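Close look at the chain arrangement
Each chain, written out:
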Amino acid sequence: MTVLVAASLFFAVRTSVAVAGGDDAAAKYKFQEMPIALPPGYDSQHMNTVRKVNPAYQKIRSWISSVGAGIAINDLVGHGKADGMCIVDTRTDKVVVTYTPTAAKEDRFTPFVLDASPLPMDHAMAPTGCAPGDFNGDGRMDLLVSYWGRTPVVFMAKDSATTLSPDAYVPREVVPSESPDGAYHGPRWNTDAVYIGDLDGSGHPSVVVGNYFRDSDVLDPQGLDNVGMNDSLSNSKNAGGDHVLRWTGASVGDKPTVSFVEEKEAIPYHASTGWTLAISGADLTGDDLPEMYIADDFGHDHLLYNRSTPGHIKYTEATGKRTPTTPKSFVLGKGSFKGMGIDFADVDHNGRFDMMVSNITVDWGLEESNFLWMNKARNEADMARKLAAGEAPFTQEAQQHGVAWTGWGWDTKMADFLNNGELSILQATGFVKGKIDRWPWLQEMAMTNDDLLSNPAMWPHVQPGDDIAGDDILGFYARTESGKYANISKQLGLDVKIPSRALATGDTTGTGTLDFAVARQWGPPAFYANQAPDRGQYLGLRLYRPAAGSGQGAGKGIANIGAPAYGATVKVTTSAGTQVSQLDGGGGHSGFRSFDVHFGLGSDHGPATVELSWRDADGGRHRTTQKLTPGTHTFMLTDTAQEVANR
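In the nomenclature of an unreviewed UniProt entry, the protein chain corresponds to CRTAC1 family protein from the organism Streptomyces pluripotens.

What follows is the structure, encoded as structure tokens:
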């Protein structure tokens, strides 16, 4: 007992020690919170604080109500700037389309709520995410909305739309279902994560949907007793799991469509039945196909190697190797932690993607560790060989880098807010806000026999008024002079004690300055404008493929000059080293960054060597190297990379 207590005190103390140099690092940053424009009269309506749930969940309704807020930043109006927003607000269970507070006057419109009618909707559904994307390749940004209680809906932009409004979109089912009586009869998916990317190298965006609860009446107060909970705290496999939807066709015009088919064997079965909270991807091997990381609650995460060919999606799993000094949960794919968020980026600027994963890391609560998986492959070819053999060459170094312990983590995003070549790490945190600390009950549940866990009646009460990590604040990690990260959230005034869920970043002003937005659970969303006093040089890339329909209407109305070049990867080399980034189609928990590919160059004013790698609209692979000066550059990617004028 003495040893256990000493160990607990050791880890609790370790989390509370400030990293030296945090104040100096914080002095370089500055953010201003700005009000977000909402639809007329929006704030005067009733604001919910908890969900109506299946009767079997009534005594844990605050736990069931702990997710659903989402946020995205992207170029919705087609003018070349990422100054549009899509927000999922749990207070109203509505999806709001608006503009960033920094948006130019010509990019502003009357904010509105997306309406899915005439598609069947009912009281047992609630939106959980809004992912921008161009699903028919016409250069207009569509919006894919996920839900608890139904399959996703994609709101497709009309050809004739000249401004953003409810009438600018046509809602389409992502998974077709029949409705002869106007009611919903499709599967009751309960989605908490969506990843969008060109998975098969066909030149078109496919969709991976990560579900949490199994298909059931989670949000129906009159629903069947068909619900359940996880059957283990460390290796649960009884969830809704993951569905891979391959793009099969689309049409443009005022009645645009898109179609998908489910690839049921795309992911190994053992890796597709977990309680998924986040999914993201990046090309780790240089073949212009994205690998995927699936972050699962209550069990193993999964790194999946992409073996797809055009028209056929196929992944296999790769896991880490354990050494005598490696804790079991620090072996990639073998951990028992609670995967809540995932992002890919080049942390140590060596031209290879690393991965940041959020877990639960609460002092005197559940003291796990975040994961910072550092890429140890010699190069892309070495990575390909190892992944093909089932080995994931990553080591877990969160503690060494100072990002191991934040709180009850959720979405995470990495970005260079100072344009100095160093990434900051954002992390949403917090669980259930209340006045009565229920950690003792949760600790008792953690000691419960796994055979009892799947029954909601065996769980401790978590109801309005109860609190579990409700005062956690947003994590903002900045690199200090020592090279280690420090959480400087308090110094930056980001310490709002409202549980947050999703994060989005983007260059909303077109000046090479990244801002960010936060979705809060049962609280208003927030937008933070970057006002750092001394930012370095930057390189911003806007990467497009020619729009479908021979480019008719390109650059007019809400149409951009082309469609986003999903999967395009960029390496930038300067005297300071090499960085890699990508056009990220979307991923993580429920936050989606813009399609800008952004690099900070610090004090480097000379031309940078830029290597572009992409697939064209027919799936053909291309690569080119160019010298580019700092600033924003726009490219049209066909069989060549042609620089065009910025909009």
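Following the criterion strictly, the structure yields 23 salt bridges and no others. Put simply, Lys321 and Glu391 hold a salt bridge, and the shortest N to O gap is 3.7 Å. Of this pair, Lys321 sits in the loop between β17 (315-318) and β18 (341-345) while Glu391 sits in the loop between α4 (380-388) and β21 (394-396); the two residues are 70 residues apart in sequence, bridging distant segments of the chain. Look at Lys321 and you get exposed, because its relative accessible area is 62%. Measuring nitrogen to oxygen at the nearest pair gives 2.8 Å for the salt bridge that ties Asp382 to Lys386. Of the two residues, Asp382 and Lys386 both sit in helix α4, four residues apart, roughly one turn of that helix.

Strand order in this open sheet of five strands is β5-β4-β3-β2-β35, and the pairing throughout is mixed. On the outer flanks of this sheet lie β5 (112-113) and β35 (591-592), each paired with one strand and no other. In terms of strand pairing, strand β3 (residues 84-89) meets strand β4 (residues 94-99) through six bridges, oriented antiparallel. Residue Gly84 lies in a different strand from β4, and its bridge partner there is Tyr99.

Bringing the nonpolar core into the picture now. Soluble globular proteins tend to bury their nonpolar side chains together. Grouped together as the largest cluster of nonpolar side chains are 65 residues, with contacts concentrated most on Leu541, Leu543 and Leu612. Ranked by residues supplied to this core, first place goes to strand β8 (residues 153-157) with five residues. Two domains each provide a minimum of three residues to this core, namely domain 1 (1-538) and domain 2 (539-644). With sequence-adjacent residues up to four places away left out, Leu612 is seen in contact with Leu541, Leu543, Thr569, Val570, His622, Arg623, Thr624, Phe635, Leu637 and Ala641.

With that settled, the discussion passes to the domain arrangement of the protein chain. Split into domains, the protein chain comes out as domain 1 (1-538) and domain 2 (539-644). The straight-line distance from the C-alpha centre of domain 1 to that of domain 2 is 24 Å. Opposite the 86 residues of domain 1 that make contact, domain 2 presents 55 residues. Considering only the surface of domain 1 that becomes buried against domain 2, Asp288, Gln537 and Tyr538 emerge as the three largest contributors, covering 15% of it. The tally of links between domain 1 and domain 2 comes to three salt bridges. The partner of Arg621 in a salt bridge is Asp288, and the shortest N-O contact between them spans 2.8 Å. Between the two partners, domain 1 and domain 2, sit 43 residue pairs in polar contact (both at pLDDT 80 or more).

Further remarks concern the UniProt feature "domain: ASPIC/UnbV" (unreviewed entry) in the protein chain. In the UniProt entry, the feature "domain: ASPIC/UnbV" (unreviewed entry) is given for residues 565-617. The span residues 565-617 carries 0% helix and 53% strand; its end-to-end C-alpha distance comes to 8 Å.

Before going further, it helps to spend a moment on the packing of aromatic side chains. Across all of its chains, the model carries 28 aromatic pairs by this definition. Ring geometry for Phe213 against Trp275: centres 5.5 Å apart, planes inclined by 80°, an arrangement best described as edge-to-face. With a gap of 62 residues between them, Phe213 in the loop between β11 (206-211) and β12 (241-251) and Trp275 in strand β14 (residues 275-282) connect regions that are remote in the sequence. Phe213 gets classed as buried once you look at its relative accessible area, which sits at 2%. Taking 6.3 Å as the distance between ring centres and 90° as the angle between the ring planes, the aromatic pair formed by Phe330 and Phe371 counts as edge-to-face. Of the two residues, Phe330 is situated in the loop between β17 and β18 and Phe371 in strand β20 (residues 371-375); the sequence distance between them amounts to 41 residues. Look at Phe371 and you get buried, because its relative accessible area is 3%. Through successive ring pairs, a cluster of aromatic residues spans Tyr29, Phe31, Phe417, Phe476, Phe516 and Tyr528. Here the basic side chain of Arg150 rests over the ring of Tyr147, its NZ or CZ set 5.9 Å away from the ring centre. Here the guanidinium or amino end of Arg438 rests over the ring plane of Trp441, the centre of that ring lying 3.8 Å away.

What counts, and where the lines are drawn
Residues numbered from 1 in each chain as written. Predicted model: local features only at pLDDT ≥ 70, side-chain atom pairs only at ≥ 80, totals over all residues. Heavy atoms only, no water. Salt bridge = Lys/Arg side-chain N within 4 Å of Asp/Glu carboxyl O. Helix = DSSP H or I, 4+ residues; strand = E, 2+ residues; numbered from the N terminus. Buried < 20%, exposed > 50% of the residue type's maximum accessible area, 1.4 Å probe, protein only. Pairing = 2+ DSSP bridges. Core = buried A, V, L, I, M, F, W, Y, C linked by side-chain atoms within 4.5 Å. Domains from an automatic or database assignment. Contact = heavy atoms within 4.5 Å. Buried area = accessible area lost by both parts, 1.4 Å probe. Polar contact = N/O pair within 3.5 Å; in protein donor to acceptor, adjacent residues only side chain to side chain. UniProt positions renumbered as here; feature names shortened; annotations may be inferred. Phe/Tyr/Trp six-rings, centres within 6.5 Å; stacked < 30°, edge-to-face > 60°. Lys NZ or Arg CZ within 6 Å of the ring centre and 35° of its normal.

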